[in-house]
Amino acid sequence: MSKAFERYQRRKLISSYFSVVLSIALVLFLLGILGLLVLNTKKMADRSKEQITISVFLKENTKEIEVEQLQKTLAMSDYTKSATYVSKEEAAAQHSKEIGEDFVDYLGYNPLKNSIDVKLNAEFVTAEKVAEIASTLEEKSFVDEVSYDRVLVGMVASSVEKIGFWILVASAIFTLIAVLLINSSIRLSIYSKRFIIKTMQMVGATKTFIRRPFIWQNIKLGMLGALLALLAITGVIYYVNTNFQDLGLLEDPYILVILLVGVFLLGIIISFLSTYFATQRFLNLRTDELYY
């Protein structure tokens, strides 16, 4: 009978530990994925901004030296990511490829102009800055026209700000939920041992002595749950980087290391604090209050 009871108690204890580890792992995994999204939001937003092109169309009588000087000026400008010269022949060939027929043969002449396609650094892609850059380029005597998608520039800038704001709000909410869920799992685990805690206190054990094994045990469970979460997060990062290389998740491994270390430390810190306050609560209760 005694052995059967011991086996029952052992199974109950293992089940309790398993539920705590699983809860911590799942919550930290979701929090880590959200952190990954937050850290890469700016990178993805910058990539979108840097795809916007300003086309500087040149007059027919523009000299080659003027084109070279303009390219060098653009290359040295802080706002330029890249500046590519596109001859009207290249532009015609590209346009013919897109529409599926040679429009030059049909028209009998090439109506396009030589141009320089300028891609901007992300921090300069705002409606005001792009308009200022375009205005400066239009002042050059050999520039015929400066063209860019004004609607797209304004839309990208405003969308990035809104997305960034709501991701931060979601991060704060999910962090709070994570703390509450892990705290609840640990409190339920300690609740089942409330009579043991009170018995130890009644025979003279100090609060620190009583708390220590519970804190150490749940820190170990928190570390185990964090390691499981890190394995899952690493798997997601590997999968995304393999199938969506344009996102460049591994371009800055230092940020990923900070994220993974942060998730691991968060599991330890939440486990410590939740265990401390849960045990403190039962230590401060009267014996008759343990039944409620």
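Looking at an unreviewed UniProt entry, one finds the protein named Cell division protein FtsX and attributed to Maribacter cobaltidurans. What UniProt records for the protein under Sequence similarities (unreviewed entry) is the sentence "Belongs to the ABC-4 integral membrane protein family. FtsX subfamily." What UniProt records for the protein under Function (unreviewed entry) is the sentence "Required for cell division and gliding motility."

**Here's the deal with a nonpolar patch on the surface**
On the surface, a cluster of nonpolar side chains totalling about 630 Å² of accessible area is made up of Val257, Val261, Leu265, Ile269, Phe272, Leu273 and Phe277. Along the chain, leucine 273 falls in helix H9 (residues 253–284).

**Considering the sheet that holds strand S2 (residues 80–86)**
Taken in spatial order, the four strands of this open sheet run S2-S3-S1-S4, and their pairing is antiparallel. Unpaired on one side and paired on the other, S2 and strand S4 (143–147) mark the two borders of the sheet. Across the sheet, the mean angle separating the axes of adjacent strands is 20° when strand polarity is ignored. Relative to strand S3 (residues 115–120), S2 is paired through six bridges, and the arrangement is antiparallel. From the neighbouring strand, serine 82 faces S3, where its bridge partner is lysine 119. Across the sheet, helix H2 (residues 64–76) is in contact with strand S1 (53–58), S2 and S3; its angle to S2 comes to roughly 160°. Helix-sheet contacts for helix H5 (residues 127–138) involve S1, S3 and S4, and the interaxial angle to S4 is about 170°.

**With respect to the UniProt feature "transmembrane region" (unreviewed entry) in the protein**
Feature annotation in UniProt assigns "transmembrane region" (unreviewed entry) to the following positions: residues 20–39, 163–186, 221–241 and 253–278. Annotated as 100% helix and 0% strand, the span residues 20–39 places its first and last C-alpha atoms 28 Å apart. As annotated, residues 253–278 comprises 100% helix and 0% strand, and the C-alpha atoms at either end are separated by 37 Å.

What counts and how
- Residues numbered from 1 in each chain as written.
- Predicted model: local features only at pLDDT ≥ 70, side-chain atom pairs only at ≥ 80, totals over all residues.
- Heavy atoms only, no water.
- UniProt positions renumbered as here; feature names shortened; annotations may be inferred.
- Patch = residues over 30% accessible without salt bridge, like charges linked within 9 Å, V, L, I, M, F, W, Y side chains within 5 Å.
- Areas by Shrake-Rupley, 256 points an atom, 1.4 Å probe, with all protein chains shown as cover.
- Salt bridge = Lys/Arg side-chain N within 4 Å of Asp/Glu carboxyl O.
- Helix = DSSP H or I, 4+ residues; strand = E, 2+ residues; numbered from the N terminus.
- Pairing = 2+ DSSP bridges.
- Axes fitted to C-alpha atoms, helices over the stretch in contact; angles between N-to-C directions.
- Contact = heavy atoms within 4.5 Å.

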